[in-house]
Amino acid sequence: MQRRALLLSAAALALPTRAQVQDLSDAINKAGRQRMLSQRMGKAWLALVHGIEPAAAQAVLDKSMALFDRQLVELKAYAPTPELRDTYQKLEATWTDHKAALVGTAPTQNRASALLASDAKVLALAHQGTVQYEATLGKPVGKLVNVAGRQRMLSQRMAKFYLAATLPVEADTAAAEITKARTEFMVAQDLLRQAPEATARIKESLQLADGQWVFFDAALQRMPNASRSVKSGVEVFVASENLLSVMDAVTGLYAAVKA
């Protein structure tokens, strides 16, 4: 129990980021992190509905919202093309609506479907911005930063849909989304591992991610019964945070590769 609490505490404090966008690789990293945050906030919100580690879930939600706000300002200010500026203006408006849904009233099961629809809109625009930043860089390493960053999002998306399925809310859709994301995650890990740009440090970090993936994947596949539903949710919540932390570090390493 102490180890679990320690992991949750560390997870809630994870993902430090520099105050300004440094270059296009950093922009791809932060733009991709916005995708992840859209799903991480949904996961934390659903954890609150379940009553899973409420203090940790609330900390994750609050810190994720604050980070999303900050990075949105940075990415909008840095945007070097009219297309990017338009994307981030649209994302700002969509985020304003979604943020109100996250904090306007207490999380409840009957609001879960609407919240999932709302975070999908934020995710779509955040992804659009990431792809546009990758195209602006126009170099192979940009794709690797994008792919590594997307792994963070997939970790949170799988956890979010697990918690949705076990409410249950849109259980069939959630199960299909988990299966799709699981396949995409494993394919992308192979791509990152085999990339010519993968340094020894990147490969070492990816091995660590593989170890975290084993725990997370096992947790995802243990569908709960009535007697262990909260325990199962905690396992998924913690494992997703641990995998996220490692993949955020991998994304940062790829962003630091000279383009």
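Now for a description of the structure that goes with this document. Because the structure is predicted, anything quoted here is derived from the model rather than measured.

### Focus on the overall build of the protein chain
When its secondary structure is counted, the protein chain shows 9 helices and 0 strands. Counting from the amino terminus, the protein chain carries its helices and strands in the arrangement α-α-α-α-α-α-α-α-α. Sorting the 259 residues of the protein chain into buried and exposed places 50% on the buried side. Contacts in the protein chain between residues at least 24 apart in sequence constitute 80% of all its contacts with a sequence separation of at least 6. If you sum the accessible surface of the protein chain, you get close to 11400 Å²; carbon and sulfur atoms cover 57% of it.

### Quick word on the packing of aromatic side chains
Tallying each qualifying case throughout the model produces 5 aromatic pairs. The interplanar angle of 35° and the centroid separation of 4.3 Å between the aromatic rings of F68 and W95 together place this pair among those described as tilted. Separated by 27 residues along the polypeptide, F68 in helix α3 (residues 54-78) and W95 in helix α4 (residues 82-103) bring together distant segments of the chain. Accessibility expressed as a relative area gives 0% for F68, which makes it buried. When its relative accessible area of 2% is taken as the criterion, W95 is described as buried. Ring geometry for W213 and F216: centres 6.0 Å apart, planes at 70°, overall edge-to-face. With W213 and F216 both in helix α8 (residues 200-221) and 3 residues apart, the pair spans about one turn of that helix.

### Re the pattern of salt bridges
Taken as a whole, this structure holds 16 salt bridges when the rule is applied. Note that E74 is salt-bridged to K30, the shortest N-O span being 2.8 Å. With a gap of 44 residues between them, E74 in helix α3 and K30 in helix α2 (residues 24-50) connect regions that are remote in the sequence. Take E74 and K30: they sit in the same class, and that class is buried. One salt bridge in this structure joins K99 and D69, with 3.2 Å as the shortest N-O distance. Of this pair, K99 sits in helix α4 while D69 is found in helix α3, placing the two residues 30 residues apart along the sequence. For D69, a relative accessible area of 28% corresponds to the partly exposed category. Three or more residues joined by partner-sharing salt bridges are found here, namely D26, K30, R70 and E74.

### Some points on α2
The end-to-end C-alpha distance of α2 is 39 Å, a good match for the 39 Å that 27 residues give at a rise of 1.5 Å each. The buried count for α2 comes to 25 of 27 residues, which makes it a mostly enclosed element. Of the residues flanking the start of α2, the one acting as N-cap is D23, its side-chain oxygen 3.2 Å from the backbone nitrogen of S25.

The rules behind each value
- For every chain, the first residue of the written sequence is number 1, and numbering continues from 1 along that sequence.
- Predicted model: local features are reported for residues with pLDDT of at least 70 only, side-chain atom pairs are reported and counted for 80 or more only, and whole-chain, interface and lining totals are derived from all residues.
- Only hydrogens and water are removed before side-chain values are computed, so all heavy atoms of the structure are retained for them.
- Comment: elements are numbered from the N terminus, with helices defined as DSSP H or I runs of at least four residues and strands as E runs of at least two.
- Per-residue accessibility, obtained with a 1.4 Å probe over protein chains only, is compared with the maximum for each type, and a residue is labelled buried under 20%, exposed over 50%, and partly exposed between these values.
- Any two residues having at least one pair of non-hydrogen atoms within 4.5 Å are treated as being in contact.
- Accessible areas in this description were obtained via Shrake-Rupley with a 1.4 Å probe; residue shielding takes into account the shown protein chains only.
- The criterion for an aromatic pair is that two Phe, Tyr or Trp rings (for Trp, the six-membered ring) have centres within 6.5 Å, with stacked assigned to planes under 30 degrees apart, edge-to-face to planes over 60 apart and tilted to the rest.
- Salt bridge criterion: a side-chain nitrogen from Lys or Arg within 4 Å of a carboxyl oxygen from Asp or Glu.
- Expected helix span is taken as 1.5 Å per residue step, with the number of steps being one fewer than the number of residues.
- Pairing of N or O atoms within 3.5 Å defines a polar contact, subject to two protein rules: one partner must be a possible hydrogen donor and the other a possible acceptor, and residues neighboring in sequence count only if both atoms are side-chain atoms.

Without other data, these values stay purely geometric and don't point to any function.
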